[in-house]
Amino acid sequence: MDRQVADDIEALTASTRTLQRTIADLTDEQVGTPSLLPGWTRGHVLTHLARNADGFLNLLAWARTGVEQPMYVSQESRAADIEAGAHRTAADLIADVQESQDRLAAAIADLDDDEYWRRVVRVGKADRERPAAQIPMIRRVEVEVHHVDLDLDYTLAHLPTDLVTAMLTDITHDLSTRDDLAGFVLVANDDEGTWVVGDGGAEITGTPPSLLGWLLGRTQGIGLHSDEPLPDLGPWR
């Protein structure tokens, strides 16, 4: 197995364990409380994490067999599944997150040929084409970002440094492909990094987690500084 894939699988395992420790003692009252995502309770977020793991199972089957298998039947069915599962008990939600991740981990372990990992699949709402080798990292992003969305004392500042850096690089690259967005430069405090969108422009400074939180639409720019108004980025994926 490619070293980067192995490292991403190990990091995903660590991120998942951290999430599972956070949610282990949730109560029925807590899972019915609003999350940081508009219109979603914590139960919605937990159900999404479970169904997202199952979606990646479909993509791993595609990579293993070469037979196209979409992540979700449709976006409508995805939304319906999340809504249907969001109102379960805390025990059921916690078990679903654990069991779905166990299924995903087993499927990842079964993908033991580098040819499988090189196969291209389509990921997410935008059907972005990605090699299967990126699945562990993409799933880790889901786990970490939605861990923050649960609003359970796990904040942007708790995100692993390597993940923050990788996401800043990935998102600014994506933003650079947009014709409707003026360029800008993200500058992390204390020489922690610089990321250029498009042809560059106004500098926006802050800690890496603060910069990422704004790019993700999780904040309105708290902790950031710029001599010009922050651009409207629209929703993240």
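Preceding this section is the structure that the text describes.
Before going into details, it helps to say that this report is about the structure given with it.

Here is what the cut-offs are and how they apply
Residues numbered from 1 in each chain as written. Predicted model: local features only at pLDDT ≥ 70, side-chain atom pairs only at ≥ 80, totals over all residues. Heavy atoms only, no water. Helix = DSSP H or I, 4+ residues; strand = E, 2+ residues; numbered from the N terminus. Buried < 20%, exposed > 50% of the residue type's maximum accessible area, 1.4 Å probe, protein only. Contact = heavy atoms within 4.5 Å. Areas by Shrake-Rupley, 256 points an atom, 1.4 Å probe, with all protein chains shown as cover. 1 Å grid on protein atoms, 1.4 Å probe; cavity = no way out; pocket = protein on both sides within 12 Å on 5 of 7 lines; lining within 4 Å. Points joined across faces, edges and corners; volume = space filled by probe spheres on them. Nonpolar A, V, L, I, M, F, W, Y, C, P; charged D, E, K, R; others polar. Core = buried A, V, L, I, M, F, W, Y, C linked by side-chain atoms within 4.5 Å. Phe/Tyr/Trp six-rings, centres within 6.5 Å; stacked < 30°, edge-to-face > 60°. Lys NZ or Arg CZ within 6 Å of the ring centre and 35° of its normal. Patch = residues over 30% accessible without salt bridge, like charges linked within 9 Å, V, L, I, M, F, W, Y side chains within 5 Å. Salt bridge = Lys/Arg side-chain N within 4 Å of Asp/Glu carboxyl O. Lys, Arg positive; Asp, Glu negative; His and termini not counted. Charge placed at Lys NZ, Arg CZ, Asp CG, Glu CD. Polar contact = N/O pair within 3.5 Å; in protein donor to acceptor, adjacent residues only side chain to side chain. Axes fitted to C-alpha atoms, helices over the stretch in contact; angles between N-to-C directions. Parallel < 35°, antiparallel > 145°, perpendicular 65-115°, else oblique. Left-handed = near helix turned anticlockwise from the far one by under 90°. Pairing = 2+ DSSP bridges.

A count of helical and extended segments in the protein gives 9 helices and 5 strands. Reading the helices (α) and strands (β) of the protein from amino to carboxyl end gives α-α-α-α-α-α-β-β-α-α-β-β-β-α. In terms of overall dimensions, the protein has C-alpha extents of about 50 × 45 × 30 Å along its principal axes. A burial count over the protein gives 46% of its 237 residues as buried. Long-range contacts, defined here as pairs at least 24 residues apart, represent 56% of the contacts in the protein between residues at least 6 apart. Accessible surface, the protein as shown: approximately 12000 Å² in total, 49% of it carbon and sulfur.

Size it by volume and the largest pocket reaches roughly 830 Å³. Lys-125, Glu-142, His-146, Trp-236 and Arg-237 are the residues nearest the centre of the largest pocket, which is lined by 31 residues in total. At the level of secondary structure, the elements contributing two or more residues to the lining of the largest pocket comprise helix H3 (42–65), helix H4 (75–85) and helix H7 (135–149). No other element matches the 7 residues that H7 contributes to the lining of the largest pocket. In terms of residue class, the lining of the largest pocket is built from 17 nonpolar, 7 polar and 7 charged.

Turning our eyes to something else, we now look at the environment of Arg-118. As for its position among the elements, Arg-118 is in helix H6 (residues 114–118). Expressed as a C-alpha distance, the spacing of Arg-118 and Pro-131, which sit 13 residues apart in the sequence, is 5.3 Å.

A separate point is the nonpolar core. The biggest cluster of nonpolar side chains holds 36 residues, and the ones touching the most others in it are Ile-23, Leu-46, Phe-56, Leu-59, Leu-60 and Trp-117. Those elements giving two or more residues to this core turn out to be helix H1 (3–23), H3, helix H5 (90–110), strand S1 (120–123) and H7. Broken down by element, this core gets its largest block of residues, 9 residues, from H3. Here Leu-59 is in contact with Gln-69, Pro-70, Met-71, Val-121, Arg-122, Val-123 and Ile-135, once residues within four sequence places are set aside. Counting 26 residues, the second-largest nonpolar core is a separate cluster that includes Tyr-154, Leu-181, Ala-188 and Leu-224.

Note on aromatic pairs: each is described by the distance of the centres and the angle between the planes. Across all of its chains, the model carries 1 aromatic pair by this definition. Between the NZ or CZ atom of Arg-78 and the centre of the ring of Tyr-72, over which it lies, the distance is 5.7 Å.

All right, on to a negative patch on the surface then. Among the surface-exposed residues, Asp-2, Asp-110, Asp-112, Asp-113 and Asp-114 lie close enough to one another that they form a single negatively charged patch. Structurally, Asp-2 is set in the segment before H1.

As for its position among the elements, Gln-101 is in helix H5. Exposure remark for Gln-101: the relative accessible area of 8% places this residue in the buried category. Here the side chain of Gln-101 touches Arg-139 through a polar contact of 3.4 Å, side chain to side chain. Setting aside residues no more than four positions away along its own chain, Gln-101 makes contact with Leu-12, Thr-16, Gln-20, Ala-53 and Arg-139.

A few words on the packing of helix H8 (residues 161–175) against helix H9 (residues 208–215). It is the contact of H8 with H9, at a shortest axis distance of 10 Å, that shows an interaxial angle of 40°. Judged on the interaxial angle alone, H9 and H8 are oblique. Relative to H9, H8 is oriented so that their crossing is left-handed. In this structure, H8 uses Val-164, Met-167, Leu-168, Ile-171, Thr-172 and Leu-175 to contact H9, whose residues at the interface are Pro-208, Pro-209, Leu-211, Leu-212 and Leu-215. The residue makeup of the contact of H8 with H9, split by class, is 10 nonpolar, 1 polar and no charged.

Next up on the list: the sheet that holds strand S5 (residues 202–206). As a general point, the strands of a sheet are linked pairwise by backbone hydrogen bonds and lie either parallel or antiparallel. Strand order across the open sheet formed by 3 strands is S4-S3-S5, with mixed pairing between neighbours. With partners counted over all chains shown, the strands left at the sheet margins are strand S4 (194–197) and S5, one partner each. On average, adjacent strands in this sheet sit at an angle of 20° to one another, irrespective of strand direction. As paired elements, strand S3 (residues 184–188) and S4 share 4 bridges and run antiparallel to each other. When the sheet's bridge partners are listed, Val-187 is paired in S4 with Thr-194. Its contacts with the sheet place H9 against S3, S4 and S5, and it is angled at close to 145° to S3.

It is worth stressing that arrangement in space is one thing and function is another; only the former is reported here.
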